[in-house]
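Coordinate analysis (summary)
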Amino acid sequence: MFNYIIRRILIAIPILLGITIIDFLIVNMAPGNPVDMMVSPNVTGAALELKKAALGLNQPLYVQYWHWLVNILQLNFGYSMTTYQPVGDMLAQRIGPTMLLMGLSLIVGLLIAVPLGIVSATHQNSALDYVATGGAFFGVSIPNFFLGLGLIYIFAVKLKVLPSSGMFTLGGNNGIGDTAAHLVLPVIVLAVQIAGQDIRYVRSGMLEILGQDYLRTARAKGLKESVVINRHALRNALITIITVIGMQIPLLFGGAVITEQIFAWPGIGQLTIDSISGRDYPTLMAINLIAAVMVLAANLLTDIMYSVVDPRVKYN
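Residues numbered from 1 in each chain as written. Predicted model: local features only at pLDDT ≥ 70, side-chain atom pairs only at ≥ 80, totals over all residues. Heavy atoms only, no water.

1. Description of the environment of L110
Stated precisely, the cut-off is as follows: Under the DSSP-based scheme used, a helix requires at least four consecutive residues in state H or I and a strand at least two consecutive residues in state E, with every element numbered from the N terminus. Residue burial is assigned from relative accessible area. The probe radius is 1.4 Å, only protein chains are included, and a residue is buried under 20% of its type maximum, exposed over 50%, and partly exposed in between. Throughout, a contact is declared for two residues whenever any of their heavy atoms are within 4.5 Å.
With respect to the element layout, L110 can be found in helix α4 (residues 87-122). Of the residues examined, L110 reaches a relative accessible area of 17% and is grouped as buried. Not counting chain neighbours up to four residues away, the residues in contact with L110 comprise P115, D198 and I245.

As structure tokens, then:
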């Protein structure tokens, strides 16, 4: 196992290098640059050229990439072109709220998806199956921004029982209860999306397992149906569930960008939108790189978990 992990890390290094190249080219070859945001009748062309030179934007792309890569290897993400703050400090302030939101959303989504997927599979073509499948299609189909705005209108505007934005109440005690109240709506939005996707995967994985001969043998031995489902079927379906969890990381990042903007959640997603609006290249490239590293780490952790839940999986 240890040798396998080392090999996967070594394989990830050229992948990360390729990601840095693609990340840099996509961001820097887009139309416009941060200096364009400063154009006004009061700014001369000479001043704009001086600003480009100060930011290094007048150098060839390969030179800019090399300087950026050397700094990244030293864990120096540079300075924001809009706030002039160190990008590393900005990310450090924002990554905690995003991880909290994503982690809770993933847990809630799985707590919904796994039981409903199992019930849907064990009661195939029943009313419960149709309800679970319909709920899954609803979760997949409804856009995050629409569901978020709808929840804000119902629970914040009409019922006034939940806050509509932010992580804390201005002038409040900033306690755990206050943060929990602010988490409810954004977590619901992301959890509905996760559950809608995962119910179908859990259902199909369980249906495949339920048709195996060893389950019929277990039933023939007189084992209770709950034991057959929970101890034998679910354990063998965990491979599918773990795979689904690994697939959720990039989807959660994408969903967090929209959800954090809607609820003014002070995380990476909101910082991404602000960076795009301000054409803040260093911040955008750092965010993309961190997201890529997290996805690669999630894939590696998923492979490791395979051998934990199923001893038959061996890595040579």
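The discussion continues.
2. A closer look at a nonpolar patch on the surface
For clarity, the cut-off: Surface patches are defined over residues having more than 30% relative accessible area and no salt bridge, joining like charges when they lie within 9 Å and nonpolar side chains (Val, Leu, Ile, Met, Phe, Trp, Tyr) when within 5 Å. Accessibility throughout is a Shrake-Rupley quantity obtained with a 1.4 Å probe, and a residue counts as covered only by protein chains that appear here. When a carboxyl oxygen of Asp or Glu is within 4 Å of a side-chain nitrogen of Lys or Arg, the pair counts as a salt bridge.
A surface patch of nonpolar side chains, about 420 Å² in accessible area, is lined by L17, I21, L25, M29 and L61. It is helix α1 (residues 2-28) that contributes the most residues to the nonpolar patch, three residues altogether. Looking at where L25 falls in the secondary structure, it is placed in helix α1.

3. A closer look at the nonpolar core
Quick reminder of the rule: Only buried Ala, Val, Leu, Ile, Met, Phe, Trp, Tyr and Cys residues count toward a nonpolar core, and they belong to the same one when joined by side-chain atoms within 4.5 Å.
Ranked by internal contacts, the top residues of the largest apolar core, which has 18 residues, are W68, L91 and M285. Breaking this core down by element, the ones donating at least two residues are α1, α3 (61-73), α4, α10 (268-277) and α11 (281-309). When residues in this core are grouped by element, the largest group, six residues, is from α11. For W68, the contacting residues outside a window of four places in its chain are T20, D23, F24 and M285.

4. Brief notes about unusual backbone geometry
At K160, a residue that is not glycine, the phi angle is positive and equals roughly 55°. With respect to the helices, strands and loops of the structure, K160 is situated in the loop between α6 (144-158) and α7 (176-210). Look at K160 and you get exposed, because its relative accessible area is 66%. For A264, which is not glycine, the phi torsion reads 50° and is therefore positive. With respect to the helices and strands, A264 occurs in the loop between α9 (225-262) and α10.

5. Observations regarding the packing of aromatic side chains
Here is the rule: Aromatic contacts are taken between Phe, Tyr and Trp rings whose centres are within 6.5 Å, Trp giving its six-membered ring; a plane angle under 30 degrees counts as stacked, one over 60 as edge-to-face, and the others as tilted.
A complete count under the given rule lists three aromatic pairs for this structure. A ring pair is formed by F24 and Y65, whose centres lie 5.5 Å apart and whose planes are at 70°; its orientation type is edge-to-face. Taken together, the positions of F24 in helix α1 and Y65 in helix α3 put the pair 41 residues apart, joining distant regions of the chain. Members of the aromatic cluster, connected to one another through ring pairs, are F24, Y65 and W68.

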